[in-house]
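Residue strings, one per chain:
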Amino acid sequence: MALLEVNNLKVSFHTRNGVVKAVDDISFSVNRGETLAIVGESGSGKSVTCYSLLDLLPKPPAVIEGGIAKFDNEDLLTCNAERMRQLRGNHIAMIFQDPMTSLNPFLTIGEQLIEPLIYHPDKTQRLSRKTAQVEAIDLLNEVGIINPTSRFNSYPHEFSGGMRQRVMIAMALINKPRLLICDEPTTALDVTIQAQILKLIKQLQKTRDVAVIFISHDLGVVAGIADKVLVMREGKTQDQNTTQEVFYNSTSDYTKKLLSAIPSGAKIKPSGAQQGSPLIAVNQLKTYFKDFSDSKNKLVKAVDDVSFGIQKGEIFGLVGESGSGKSTLGRSILQLAPITAGSVIYSGTDLGALKASQILPWRPKMQMIFQDPYASLNPRMTVYETLAEPLLYHAIANKQTVTKQVQQLMDDVGLARSSALKYPHEFSGGQRQRIAIGRAIASQPEFIVADEPVSALDVTIQAQILELILSLVDKRNLTMLFISHDLSVVRSICDRVAVMQQGKLVELADTEELWARPQMPYTQELLNAIPTADPKN
Amino acid sequence: MLRFIVSRLLQAIPVLLVVISVTFLLIHSAPGGPFSDEKAVPPEVARALEAQYKLDQPLWQQYVSYLGDVVRGDFGPSFKYSGRTVNELIAAGLPVTAELALYAMLVALFIGISAGVFAAIRPNSLQDYIPMSAAMLGICMPSFLLGPILILIFGIQLEWLPISGWGDIPGDKILPAITLGAGYAAYIARLSRGGMLEVLSQDYIRTARAKGLSERLIILKHGLRGGLIPVIAFLGPAFAGLLGGSFVVETIFQIPGLGRFYVTSAFNRDYTMILGMTIFFAGLIIVFNLLSDLLALWLNPKLRQQTRGGN
Amino acid sequence: MQMPSQSSEQHSSLWLDAWIKLRKNRMALFGFTVLLVLCVVSLLTPWIAPYSYETQDLMLGATPPSAAHWLGTDIFGRDMLTRIMYGGRVSLMVGFIATAVALVIGILWGSIAGFVGGRVDAVMMRIVDIMYALPFMIFIVLLMVVFGRNILLLFVAIGAVEWLTMARIVRSQVMALRKQEFVEAAYSMGLSRWAIIRRHIIPNTLGPVIVYTTLTIPSVMLLEAFLSFLGLGIQPPQSSWGLLINYGVETMEEYPWLLIFPGITLSLTLFALNFLGDGLRDALDPRASKD
């Protein structure tokens, strides 16, 4: 008898624009001590599935249309609100994606930890504050919080993202649940922290003998942790089997597509980097700014004495974790962030020495692609207007030829010509990124800074956009600075890679050289933390 | 925290200086002197009066000496209430207005917060629409309209409650407090609904639910703290508004408070009185803005620690 | 700009989306209709009012509503409907003109502070903060006392109070937009500052400005009514709803309709404008239209 057995679960959202089937006939089961991973891209219904088990979906618009979810022989979908309250936290607990927003900023973590104990639904089991505090501190210790006694009275904002997720895990485990649901618990974290949290979850599962449902968009993450995998797409089951079978012998086309979309291995064909003096030379660049959110206006050394060169025609990778200063470096090179000291030489011209008006003619030659394809497009301009703006402004096209050139651009980046008059909100994330790429290449630049261009995208879309970027670099003879936190992506696309940590350039090498023989401990740590989509590894 | 209070109080000094200067200049640039409408005053008497109120000195001297008086907390004698100082008149009216404002604020907070929270629990249901329509009505029914209507209904038609005075007959404080508080109750209801809706959609509310906490606890402990921040920020401006509202309510209900003094002084062109009261009101408003800021600060642990760190 | 011709699909801009959303909101639509009717009636008052503004009938005195006088007459035998219609002209005019004053000052102030940023912004917003701390209601009373009840002064005084919030809204919008990636993209494209302002910033600030303008009009009308009620606003022989309510209160025991009709008219107008403003806010909320 499985601990949780879900049969034919159906959930739909009744919105103004009609009924959306978010979960369509999903069945699965989890046993004690077992980990089931539910994998899917955005909109696959993986989170909705789990939220419906604990009645955490907003109703309306969500409606559970059918199915049974037997937890210990008790149907979760039909039990009353009072019973559900007893189940939540005590028998089934949950941790969420974003540890920044999932903890109450107004209460200390200690207070939030002991709440399930001191307000236990079963009044006879309620603990006093004092005993609850002892238990909570023990648990904080177990999940790896240093100095738990003194940290007990700290507020969430005093912890780093990884530490907050540890607190979340402690909070979920405090009433010794039998099932733990993890909703993308490491997605918001840096890769080294992700590795630590995954290890912690695995270890706690063993020592506490709980069943785990692990929701993720990342097959790589799942490979090392799951016993069984359920692959979902648009609310439907695509594949369901043991982890080994799913990764090595899947018959599902979609699973195969997902697996092949994960960037792995070296770049297939190097871009034609030219020898000689670099197109861009960055010399001892420093970008400092004051942190106004800090009461002391602390000076942040976002880029701290960085030097390197980018050869014409190459794709130069820049990797680092959040806060490493990689984005600021990209913006500093384009003179979008004011530099504090040092120089950026672009084919012989010191860009930093130019006045604001003198820089304007250089701008069309250097373009940028941003991470968030929604925020980087003006919501009140159609695709046509967005793409025509640089063409007309820089007199690359005139009124007669502009339509034709816009259409050419749309063909180049793989957008249907018929969607020219649509607005950004009418497109999917991947299509929006295509628009942004189209705008970046419209002014016929030589050099492009791509700042995490695929981080916000699903893995299959990510593969398509990477392919597009590679082909454009090749066709248009572009030079690119490719900024990413994702080392696998960088490896698959870049010729050379620089590693940044806390504003400094730690290591710089040819991509394969770096992978084979990382010199610095930090680089080694980063490379070791990459999850691989291979259960045996 | 102390440093924050001190720095805010220091910032209040230029504000008060601006208030004093502007009001002083305004009043002294008024067409016609303070005694010009009293036709029967012989010139020598007028001159004596002017000397008494220092009006014969050059403007800057008057300004400097007035500033000195104000710093010492002395607003000088009243023009029209002969023999009484502005300080005495303020001292007489203040307790009445303060009591009225307190009751009105209690009415506003109690009705406003409970209606707003109640509505936010089930948005877009009857439980939301009914209190929110009432709130909209409250906003669109200004005190100078609500007061007379309440008097008509409860005072004259039903004869349940007295319609004027303050503390003379039992129950005569009810209608003024409701009249003054109703509009603010409506605003607070809308603010607390908005704040609660925002907070209740946060991830950490979902976390609290997933922990198995009761809905009551989720709303009272996890929801209110963040949800009432807009209301707290509104308390300072609301207090300033209550002072203004007291002009109307005290006039309608014939309550001998500061508001009514102010309006009569305005009609009587009692310049020293207006000057003194304006400065006094400005000081009060600054203090209440500071208090509401402090309260908001105290409720937000992040801000609280930053100001502490600044020490 | 020439548009490509082969597109046949239906496309919706955010403005169109907002309009569709607004049309679905019955209360907002009601507010819009009331506002429209009021504007038309006010414009045409001299021609459609049942009696002339000056007509008195002292023999008649105050009478309750009748066939000849739909809303009754006041103690001088003047037709209430006519008085309310003429009063509405003044109230609406104060509402619109003072809001326009606030709009102009607020947008200029806020956008300059937002665009220039840095020290200029700090100083400009500090001034706004200081002015916020001033007891404005009292200042207006003071102005009215010192300079007499001058309608022009009233516009300026009310406008001078209301621009503060507008300046804050515009500034925060501009600041937020400046940090938006699409504005950064426009910079990196080499667009001049003016082109960025015109093409990317102004169209995206309009929504909140429209909403706040709609909500300012009723609050201005309320302020005018408040002052007129105290006898410090509009001066006879001119009339406004606040003044009519003031007169109504004096005689409400004997002639309650003299209070009730102007009261209802004022409340209904405020109601309509507030609902319209709320509806616009819902319709133009960027968070709601994002997905």
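Counting restarts for each chain: residues are numbered from 1 in the order of the written sequence. Each chain takes a letter, starting from A, and each ligand takes a number, starting from 1, following the order in which they are written. Confidence filtering applies because this is a predicted model: local features only for residues at pLDDT of at least 70, side-chain atom pairs given and counted only at 80 or more, and all residues used for totals across whole chains, interfaces and linings. In computing side-chain values, all of the structure's heavy atoms are included and hydrogens and water are not.

**Things to note about the domain arrangement of chain A**
All names here are of chain A. We count it as follows: Marked domain ranges trace back to an automatic or database domain assignment. Any two residues whose heavy atoms approach within 4.5 Å at even a single point are treated as in contact. Once two parts are joined, some of their accessible surface, as seen by a 1.4 Å probe, is lost; buried area is that loss totalled over both. One speaks of a salt bridge when a side-chain nitrogen belonging to Lys or Arg is within 4 Å of a carboxyl oxygen belonging to Asp or Glu. Any pair of N or O atoms that falls within 3.5 Å is considered a polar contact. Within protein, one atom must be able to donate a hydrogen and the other to accept it, and sequence-neighbouring residues count only if both atoms are side-chain atoms. The helix count covers DSSP runs of H or I at least four residues long, the strand count covers runs of E at least two residues long, and both are numbered beginning at the N terminus. When residues are sorted by character, Ala, Val, Leu, Ile, Met, Phe, Trp, Tyr, Cys and Pro go into the nonpolar class, Asp, Glu, Lys and Arg into the charged class, and all the rest, Gly among them, into the polar class.
Segmentation of chain A into domains returns domain 1 (4–103 + 181–261) and domain 2 (280–527). For domain 1 versus domain 2, the distance between C-alpha centres works out to 35 Å. Each partner contributes to the interface: domain 1 provides eight residues, whereas domain 2 provides ten residues. Summing both sides of the interface, domain 1 and domain 2 together bury roughly 940 Å²; the carbon and sulfur share of this comes to 51%. For the pair domain 1 and domain 2, the interface holds zero salt bridges. The tally of links between domain 1 and domain 2 comes to five residue pairs in polar contact (both at pLDDT 80 or more). Counting only elements with at least two residues in the side of domain 1 that touches domain 2, the list comes to helix H7 (191–208) and helix H10 (253–261). The element best represented in the side of domain 1 that touches domain 2 is H10, accounting for three residues. In terms of residue class, the side of domain 1 that touches domain 2 is made up of three nonpolar, two polar and three charged.

**Overview of the interface of chain C and chain B**
Of the residues lining the interface, 37 residues belong to chain C; the matching set on chain B comes to 42 residues. Summed over both sides, the interface of chain C with chain B buries roughly 3,500 Å², with 81% coming from carbon and sulfur. The tally of links between chain C and chain B comes to one salt bridge. Across the pair B:Arg190 and C:Asp278 runs a salt bridge whose closest N-O atoms are separated by 3.0 Å. Counting across the interface, chain C meets chain B through two residue pairs in polar contact (both at pLDDT 80 or more).

**Regarding the interface of chain B and chain A**
Taken residue by residue, the interface counts 25 residues in chain B and 30 residues in chain A. Across the chain B/chain A interface, buried area totals approximately 2,500 Å², and carbon plus sulfur atoms make up 58% of it. Put simply, chain B and chain A have three salt bridges between them. Counting the contacts that link chain B with chain A gives 13 residue pairs in polar contact (both at pLDDT 80 or more). Breaking the side of chain B that touches chain A down by element, the ones donating at least two residues are helix H8 (203–210), helix H9 (215–227) and helix H13 (301–309) of chain B. When the residues that make up the side of chain B that touches chain A are grouped by side-chain class, the tally is seven nonpolar, ten polar and eight charged.

**Let's talk about the sheet that holds strand E11 (residues 280–290) of chain A**
All names here are of chain A. Test applied: We treat two strands as partners when DSSP finds at least two bridges between them. As a rule, the C-alpha atoms of each element are fitted with a line to give its axis, helices using only the stretch in contact, and angles between N-to-C directions run from 0 to 180 degrees.
Ordered by their spatial adjacency, four strands build an open sheet running E12-E11-E14-E15, and the pairing between neighbours is antiparallel. Of all the strands in the sheet, the pair left with one neighbour each is strand E12 (299–310) and strand E15 (349–350). Alignment of strand E14 (residues 341–346) against E15, held across two bridges, turns out to be antiparallel. Counted as the bridge partner of Tyr346 is Thr349 from E15. Running at roughly 115 degrees to E11, helix H11 (residues 326–333) makes contact with E11, E12 and E14 of the sheet.

**Comments concerning helix H3 (residues 80–116) of chain C**
As a reminder of what qualifies: Helix span, expected: 1.5 Å multiplied by one less than the number of residues in the helix.
Its 37 residues give H3(C) an end-to-end C-alpha distance of 53 Å, which sits within 8% of 54 Å, the value for a rise of 1.5 Å per residue. Directly beyond the C-terminal end of H3(C), a positive phi value near 65 degrees is found at C:Gly117.

**Overview of the pairing of strand E13 (residues 315–319) of chain A**
All names here are of chain A. The line we're drawing: When accessible area is computed with a 1.4 Å probe and restricted to protein chains, residues below 20% of their type maximum are described as buried, those above 50% as exposed, and intermediate ones as partly exposed.
Extensive coverage of E13 is indicated by the burial of five of its five residues. By the alternation rule, side chains of E13 split into Ile315, Gly317 and Val319 and Phe316 and Leu318, which are all buried. As paired elements, E13 and strand E18 (residues 479–484) share five bridges and run parallel to each other. In the sheet register, Gly317 faces E18, and the bridge partner there is Phe482. Where E13 lies against strand E19 (residues 496–501), four bridges are found, and the strand directions are parallel. Counted as the bridge partner of Gly317 is Val497 from E19.

**Quick look at the packing of helix H8 (residues 193–229) of chain C against helix H9 (residues 241–250) of chain C**
Residue and element names in this part refer to chain C. Worth spelling out the cut-off: Orientation labels follow simple angle bins: below 35 degrees gives roughly parallel, above 145 gives roughly antiparallel, 65 to 115 gives roughly perpendicular, and whatever is left gives oblique. Here a crossing is called left-handed whenever its near helix is offset anticlockwise from the far helix by less than a right angle, and right-handed whenever the offset is clockwise.
One can describe the packing of H8 onto H9 by two numbers: an axis separation of 7 Å at closest approach and a directional angle of 40 degrees. As summarised for this structure, H8 and H9 are arranged oblique, according to the angle between their axes. Like other packed secondary-structure pairs, H8 and H9 cross with a definite hand, here right-handed. Listed contacts from H9 to Met221, Ala225, Ser228 and Phe229 of H8 are Trp241, Gly242, Leu243, Ile245, Asn246 and Val249. Its residues placed into classes, the contact of H8 with H9 shows seven nonpolar, three polar and no charged.

**What to know about the nonpolar core**
Put simply, the test is: Buried Ala, Val, Leu, Ile, Met, Phe, Trp, Tyr and Cys residues that are joined via side-chain atoms within 4.5 Å together make up what is termed a nonpolar core.
One finds B:Phe144, B:Phe247 and B:Tyr262 to be the most contacted residues of the largest nonpolar core, which totals 131 residues. Considering each element in turn, this core owes the most residues, 13 residues, to helix H10 (residues 257–284) of chain C. Residues contacting B:Tyr262, with those up to four places away along its chain left out, are B:Phe247, B:Ile274, B:Met277, B:Thr278, B:Phe281, C:Ile138, C:Val141 and C:Leu142. Formed by 92 residues, the second largest nonpolar core is a distinct cluster that contains A:Ile114, A:Leu117, A:Met171 and A:Ile225.

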